Amino acid sequence: QVQLVESGGGLVQAGGSLRLSCVASGDTFSSYSMGWFRQAPGKKREFVGGISRGGGSTYYADSVKGRFTISRDNAKNTVSLQMNSLKPEDTAVYYCAADRLIRLVPISREYDYWGRGTQVTVSS
């Protein structure tokens, strides 16, 4: 089992940047594929991007491709989400999630463990 804690959210103007971090504890972090999701008020949780166990493969939603970058440091049990060129429509609670299987999937129900989320608000 792994516990996940996100941080780094906040209020930023459109066009700005934020870096979210997710620290894992418990099980071996490098055993998990990791994903980032977000959920805006009144909307379903949506996939943002994912990264493979070793960090060699990443996968992004079209809405963030070219603006967001996911990375991980297995030595520090951390996965990060660098968000650039932020837009008001990026406003949401952002969650990191861990998947025990070797894959990158954009489906929230396929992930086994979740953090509590961190709020990102982008003002226009």
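Just above sits the structure.
What you are looking at is a predicted structure, and each value in this text was computed from that prediction instead of being measured.

A. Focus on the overall build of the protein. Within the protein, the regular secondary structure consists of zero helices and 11 strands. Along the chain direction, N to C, the helices and strands of the protein fall in the order β-β-β-β-β-β-β-β-β-β-β. At 13 Å, the protein has a C-alpha radius of gyration in line with the 14 Å of a compact globule built from 124 residues. Projected onto the principal axes, the alpha-carbon positions of the protein cover approximately 40 × 25 × 25 Å. In the protein, which comprises 124 residues, the proportion classed as buried is 42%. Long-range pairs, those at least 24 residues apart, make up 58% of the contacts in the protein with a sequence separation of at least 6. Carbon and sulfur atoms make up 47% of the accessible area of the protein, which totals about 6300 Å². Between the centroid of the 15 positive side chains of the protein and the centroid of its 10 negative side chains there is a distance of 1 Å.

B. Up close: the sheet that holds strand β3 (residues 18-26). Overall, antiparallel pairing links the four strands, which are arranged β1-β3-β8-β7 in an open sheet. The sheet is open, and its two borders are formed by β1 (2-7) and β7 (68-73), each paired with just one other strand. Taken over all neighbouring pairs, the strand axes of this sheet differ in orientation by 15 degrees on average, direction set aside.

C. Spatial organisation of the side chain of serine 33. Positionally, serine 33 belongs in strand β4 (residues 33-39). Within the structure, serine 33 has its side chain in polar contact with the backbone oxygen of arginine 103 (distance 3.0 Å).

D. Layout of the state of the cysteines. Per the counting criterion, the structure on display carries one disulfide. The disulfide partner of cysteine 22 is cysteine 96, and the gap between their sulfur atoms is 1.9 Å. Disulfide cysteine 22-cysteine 96: torsion about the S-S bond near 50 degrees, hence right-handed. Remark: cysteine 96 occurs in strand β9 (residues 92-99) and cysteine 22 occurs in strand β3; sequence separation between them is 74 residues. Residue class for cysteine 96 comes out buried when judged on its relative accessible area of 0%.

Parameters at a glance
- Residues numbered from 1 in each chain as written.
- Predicted model: local features only at pLDDT ≥ 70, side-chain atom pairs only at ≥ 80, totals over all residues.
- Heavy atoms only, no water.
- Helix = DSSP H or I, 4+ residues; strand = E, 2+ residues; numbered from the N terminus.
- Rg over C-alpha atoms; globule rule 2.2 N^0.38 Å.
- Buried < 20%, exposed > 50% of the residue type's maximum accessible area, 1.4 Å probe, protein only.
- Contact = heavy atoms within 4.5 Å.
- Areas by Shrake-Rupley, 256 points an atom, 1.4 Å probe, with all protein chains shown as cover.
- Lys, Arg positive; Asp, Glu negative; His and termini not counted.
- Charge placed at Lys NZ, Arg CZ, Asp CG, Glu CD.
- Pairing = 2+ DSSP bridges.
- Axes fitted to C-alpha atoms, helices over the stretch in contact; angles between N-to-C directions.
- Polar contact = N/O pair within 3.5 Å; in protein donor to acceptor, adjacent residues only side chain to side chain.
- Disulfide = S-S within 2.5 Å.

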